[in-house]
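# Survey of secondary and tertiary structure
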Amino acid sequence: MSTSLLVPLHVAYIRALGDSKDELSYHLSAHLRMNAVYWGLSALFVMGHEDALDRDEMVDFVMSCWDEEAGAFGAHPDHDAHLLSTLSAVQILLMQNALNRVDIDRVVKFILSLQQPSGVFAGDAFGETDTRFLYCAVNALSLLGKLHELDIEKTVAYIRRCRNFDGGFGAVAGAESHAAQVFVCVAALAILDRLDEVDQPTLCWWLSERQLPNGGLNGRPEKLEDVCYSFWVLSALSILGKLSWIDSSKLEAFILSAQDTESGGIADRPGDMPDVFHTHFGLAGLSLLGYPALVDLDPVYCMPAGIIENLGLTKGWKALQRRTS
């Protein structure tokens with residue numbers, strides 16, 4: 001177990017992820033490939049090693065996942081377009097300064113076509129709905145400079161329906177509160193300049209209660225701690241200006257204890273196998289905690305803060321932080 005961040009090992013771990021094409025696990029995770037590329041690239045940005053992967057190869061892979069019929073991106077070549085992979089594709093191309101490769105108008109049309117009469121979004125043409133997909137839509141439209149084309153009131157009305165007595169939000173209206181869904185709803189409201197919809201004292205208390213005695217955070221009451229909630233919980237608290245409501249030093253120690261000190265990467269909890277998902281969100285959590293030498297991460301878009309600042313998209317939540325700190 002290490003008490004410091006093993007940056008060279010984690011960079012090497014991410015660089016090696018594409019070398020496992022002969023393993024079954026690589027092919028079984030094809031449905032997550034676009035997301036995994038985003039997780040890996042974002043993690044490298046946070047560590048200040050964004051050039052560790054070949055830019056042109058990455059951009060070519062993203063464009064190979066274009067679904068010409070839908071006008072958006074799938075998770076892998078020949079996969080159907082989905083909001084999750086479309087947002088990741090937009091984020092990757094923005095980080096690689098290659099958004100000019102995309103037919104933005106077609107992507108916007110695809111996104112808007114998935115909004116349901118209730119205001120929620122389906123993830124794809126098959127119709128599964130979830131507040132995650134609503135966030136993906138709002139995030140992507142904002143990054144593409146097309147947020148004005150969204151029916152904002154209908155979108156906010158659905159998020160309002162998902163708010164629970166404990167201040168949290170669920171995956172759909174009526175579902176129990178969950179830290180990941182809290183993030184997507186709070187972040188979407190931040191993008192839409194509608195954080196007034198959040199019961200902030202109640203929600204921040206609920207979020208602070210996610211910290212367990214070992215320092216880790218869980219996603220809902222009576223569940224185990226998991227490194228990924230280091231981002232889901234911290235991002236919402238950061239947006240609402242309440243990062244001080246958790247014990248940062250204990251959480252930092254928990255994240256660092258989940259590192260693989262031999263092959264690199266971060267696991268969900270100490271002793272488990274690392275993966276790129278938890279590596280990304282563990283580093284994201286450490287960035288939000290202000291861990292030394294890490295690049296600042298924007299808690300709303302989960303992208304390097306400098307890129308978001310250059311797009312002029314950080315004003316709302318930063319102003320709120322100043323008012324509540």
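Below, the structure is looked at part by part. All values reported here derive from a predicted model rather than from experimental measurement.

## Some points on the overall build of the protein chain
- From N to C terminus, the protein chain includes 15 helices and four strands.
- Whereas a compact globule of 325 residues would reach a radius of gyration of roughly 20 Å, the protein chain reaches 19 Å, a difference of no more than 12%.
- Overall, the protein chain is about 50 × 50 × 35 Å in size when its C-alpha atoms are taken along their principal axes.
- A total of 325 residues make up the protein chain; the buried ones form 59% of that total.
- Pairs at least 24 residues apart make up 66% of the contacts formed inside the protein chain by residues separated by at least 6 positions.

## Quick look at the side chain of Glu-197
- Within the secondary structure layout, Glu-197 lies in the loop between helix H9 (179-191) and helix H10 (200-208).
- In terms of polar contacts, Glu-197 uses its side chain to reach the side chain of Arg-160, at 2.8 Å.
- Within the local environment of Glu-197, its side chain forms a polar contact with the side chain of Arg-194, the two groups lying 2.8 Å apart.

## A look at unusual backbone geometry
- At Asp-78, a residue that is not glycine, the phi angle is positive and equals roughly 75 degrees.
- Structurally, Asp-78 can be placed in the loop between strand E2 (72-73) and helix H5 (83-95).
- Note on Asp-78: relative accessible area 82%, which makes it exposed.

## Describing the pattern of salt bridges
- Summed over all chains, the structure comprises 13 salt bridges.
- Where Arg-101 meets Asp-60, a salt bridge forms, and the shortest distance between an N and an O atom there is 4.0 Å. With Arg-101 in the loop between H5 and helix H6 (104-113) and Asp-60 in helix H4 (residues 55-64), the pair connects residues that are 41 residues apart, well separated along the chain.
- Ionic pairing is found between Glu-197 and Arg-194, a salt bridge with its closest N-O pair at 2.8 Å.
- The class for Glu-197 is buried, based on a relative accessible area of 9%.
- Beyond isolated ion pairs, a larger network of salt bridges with shared partners links Glu-153, Arg-160, Arg-163, Arg-194, Asp-196 and Glu-197.

## Concerning the state of the cysteines
- For the structure on display, the rule yields zero disulfides.
- Here Cys-204 is not disulfide-linked; the sulfur of Cys-185 is the nearest cysteine sulfur, at 15 Å.
- Cysteine Cys-228 shares no disulfide, and the gap to the nearest cysteine sulfur, in Cys-302, comes to 12 Å.
- Classification of Cys-228 by relative accessible area gives buried; the value is 6%.

## Digging into the packing of aromatic side chains
- Tallying each qualifying case throughout the model produces nine aromatic pairs.
- Taking the centre distance of 5.0 Å and the plane angle of 65 degrees together, the rings of Phe-183 and Phe-231 count as edge-to-face. Taken together, the residues span a long stretch of sequence, with Phe-183 in helix H9 and Phe-231 in helix H11 (residues 229-239) at a distance of 48 residues. With respect to burial, Phe-183 and Phe-231 carry one shared label: buried.
- Geometrically, the ring pair formed by Trp-232 and Phe-281 is tilted, given 4.6 Å between the ring centres and 40 degrees between the ring planes. Separated by 49 residues along the polypeptide, Trp-232 in helix H11 and Phe-281 in helix H13 (residues 276-288) bring together distant segments of the chain.
- On the accessibility criterion, Phe-281 (4% relative accessible area) is buried.
- One aromatic cluster is present, built from ring pairs that chain together Trp-39, Tyr-135, Phe-183, Phe-231, Trp-232, Phe-277 and Phe-281.
- Seen from the ring of Trp-206, Arg-210 lies directly overhead, with NZ or CZ sitting 4.6 Å from the centre.

## Structural notes on the packing of helix H3 (residues 33-46) against H13
- At a minimum axis separation of 9 Å, H3 and H13 run at an interaxial angle of 35 degrees. As for the relative orientation of H3 and H13, their crossing is left-handed in sense. Touching Ala-36, Tyr-38, Trp-39, Gly-40, Ser-42, Ala-43 and Val-46 of H3 are Val-276, Phe-277, His-280, Phe-281, Leu-283 and Ser-287, all from H13.
- Residues belonging to the contact of H3 with H13 are distributed by class as follows: nine nonpolar, four polar and no charged.

Parameters at a glance
Residues numbered from 1 in each chain as written. Predicted model: local features only at pLDDT ≥ 70, side-chain atom pairs only at ≥ 80, totals over all residues. Heavy atoms only, no water. Helix = DSSP H or I, 4+ residues; strand = E, 2+ residues; numbered from the N terminus. Rg over C-alpha atoms; globule rule 2.2 N^0.38 Å. Buried < 20%, exposed > 50% of the residue type's maximum accessible area, 1.4 Å probe, protein only. Contact = heavy atoms within 4.5 Å. Polar contact = N/O pair within 3.5 Å; in protein donor to acceptor, adjacent residues only side chain to side chain. Salt bridge = Lys/Arg side-chain N within 4 Å of Asp/Glu carboxyl O. Disulfide = S-S within 2.5 Å. Phe/Tyr/Trp six-rings, centres within 6.5 Å; stacked < 30°, edge-to-face > 60°. Lys NZ or Arg CZ within 6 Å of the ring centre and 35° of its normal. Axes fitted to C-alpha atoms, helices over the stretch in contact; angles between N-to-C directions. Left-handed = near helix turned anticlockwise from the far one by under 90°. Nonpolar A, V, L, I, M, F, W, Y, C, P; charged D, E, K, R; others polar.

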